[in-house]
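Chains, contacts and geometry: an overview
Each chain, written out:
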Amino acid sequence: RAWKWKRRTAFVEACVDSKRDRDGNRGVDAPQLSSPDHATEPVLKMPVATRRSATQPRDATGAVDSGMGNAQVKGAAYDVDYTKAILPQVPKLGAAYEDWVHKPSAHPQFRMFESDLFEYFATMNWYIVPIVWFPVSAAFAYASMMEFDSAPADYADDLNGTLADEAPVGVKPLTPKQFAGWWVVGLMFWSLAEYALHRFVFHGPILSEGEFFLRFHFLLHGQHHKFPLDKGRLVFPVVPATITACFLYSLLYSLLPLAASFAAMSGLVVGYISYDLTHYYIHHGKPLSGYFRRLKDHHMQHHFRNQDTGFGITSTAWDYVFSSGHN
């Protein structure tokens, strides 16, 4: 790396010297060469797989945020101190929040909360996802194929028999074929939920410019679009992931028999694990297969070209079904 850097530096200096010689004849001041470690305005470039004609992330207005404060939003400067906690500063952006949050910053990390405790639980490494959630999926799978009776013994001793009719019914286990079928249903349910949450919740309309709503949106998804290079905030932390899982399971529980809901939830959790790991990989990995390169291209265009299209992460199928793909 040192050898490559020396060659690259020598080449750049030679180019600058050549330009200085040409500009000197025209009376033009040559630009100063500065070390990238001390650059005043780092620019977040498009990944190679998604570069076409532009080399910098731009929104619909063509603006670029260097990530070093004074974010330019439709001609007005909004001071955001990136050395301090970002979340408390979000409400002051007001109507400019949506424009600001979709101009990617080149900062590799940022601080969300002023509280060290909250900050600790707001980040998570990618490998925690399978460690936590694969056992959950296995537990749901085991429950769907095991027969148990939740009726207490008191019901059998009831003389009048009135409580017997109200006793909870035991769970009839699923056959392997039934389990596989409902497991796939859960996997597909997650695939659709992934698309719907991303499009209609994460990128839903900014309903209010109030302090609570802007903070909530930044916590939910805005942080990822503003700081896409932060590896510690790319996968869902356990607490919000658990809340989302409870909501999705409540839907399955209300629609399916108990054993079937267990099997479907097992597939859904595996779908979620695939989503988080795929999302991390296409941001920070170097895909070798054509499928993952296409996913990376699809998702990088969502970040750096148009955040209103391309909502699929693990699959682009739903974007084609609902005509929300990139042109």
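Notes on the structure in this doc start here.

**Focus: the pattern of salt bridges**
Any two side chains of opposite charge can pair, so long as their charged atoms come close to each other. The full count for this structure, using the stated rule, is five salt bridges. The salt bridge involving Asp81 is made with Lys84; its shortest N-O contact spans 4.0 Å. According to the relative accessible area criterion, Asp81 is partly exposed, its value standing at 29%. With a relative accessible area of 51%, Lys84 lands in the exposed category. Here Arg111 and Asp116 are joined by a salt bridge, their closest N and O atoms 2.5 Å apart.

**Digging into helix H7 (residues 238-255)**
Over its 18 residues, H7 runs 26 Å from end to end, which matches the ideal 26 Å to within 8%, given 1.5 Å per residue. Taken as a whole, H7 has its buried residues at Ala241, Ala245, Leu248, Tyr249 and Leu252. Projection of H7 onto a plane perpendicular to its axis shows the buried side chains occupying an angular sector of 105 degrees, all on one side. Exposed side chains of H7 directed beyond 90 degrees from the buried face belong to Val239, Ile243, Tyr253 and Ser254. Buried-residue contacts for H7 involve helix H4 (128-144), helix H5 (176-202) and helix H8 (258-284).

**Brief notes about the nonpolar core**
Ranked by size, the top nonpolar core spans 30 residues in total, and within it Val129, Trp133, Trp190, Met265 and Tyr272 carry the most contacts. Listed by contribution, the elements that provide at least two residues to this core are H4, H5, H7 and H8. Element by element, the count of residues in this core is highest for H8, at eleven residues. Beyond its immediate chain neighbours, meaning those up to four positions away, Trp190 contacts Leu248, Leu268, Gly271, Tyr272 and Tyr275. If you look at the next biggest cluster of nonpolar residues, it comprises 16 residues, including Val80, Tyr97, Val101 and Met112.

**Brief notes about the packing of aromatic side chains**
Tallying each qualifying case throughout the model produces 24 aromatic pairs. The interplanar angle of 45 degrees and the centroid separation of 5.5 Å between the aromatic rings of Phe140 and Tyr249 together place this pair among those described as tilted. On the criterion of sequence distance, the pair formed by Phe140 in helix H4 and Tyr249 in helix H7 is long-range, its members being 109 residues apart. With respect to class, Phe140 is no different from Tyr249; both count as buried. On the numbers, 6.2 Å between centres and 10 degrees between planes, the contact of Phe212 with Phe216 is stacked. Of this pair, Phe212 and Phe216 both sit in helix H6 (residues 211-226), four residues apart, which is roughly one turn of that helix. For Phe216, a relative accessible area of 43% gives the class partly exposed. A network of ring pairs unites the aromatic residues Tyr82, Tyr97, Trp100, Phe110, Phe218 and Phe227 as a single cluster.

Rules used throughout
- Each chain has its residues counted from 1, running along the sequence as written.
- The predicted origin of the model limits local features to residues at a pLDDT of at least 70 and limits the giving and counting of side-chain atom pairs to 80 or more, whereas totals for whole chains, interfaces and linings rest on all residues.
- Only heavy atoms go into the side-chain values, all of them from the structure, while hydrogens and water stay out.
- Counted as salt bridges are all cases of a side-chain nitrogen of Lys or Arg within 4 Å of a carboxyl oxygen of Asp or Glu.
- Only protein chains enter the calculation, and the probe is 1.4 Å; a residue is then buried if its accessible area is under 20% of its type maximum, exposed if over 50%, and partly exposed in between.
- Secondary structure elements are defined from DSSP: runs of H or I of at least 4 residues count as helices, runs of E of at least 2 residues count as strands, and each element is numbered from the N terminus.
- The span you would expect from a helix comes to 1.5 Å times its residue count less one.
- Arc, as used here, means the arc of the directions from the helix axis to the C-beta atoms.
- Note on contacts: a residue pair is in contact if any heavy atoms of the two residues lie within 4.5 Å.
- Definition of nonpolar core: a set of buried residues of the types Ala, Val, Leu, Ile, Met, Phe, Trp, Tyr and Cys, connected through side-chain atoms within 4.5 Å.
- Stacked, tilted and edge-to-face are the three classes assigned to paired rings of Phe, Tyr and Trp, where Trp is represented by its six-membered ring and a pair needs centres within 6.5 Å; plane angles under 30 degrees give stacked, over 60 edge-to-face, the rest tilted.

By themselves, these observations are geometric and do not establish any function.
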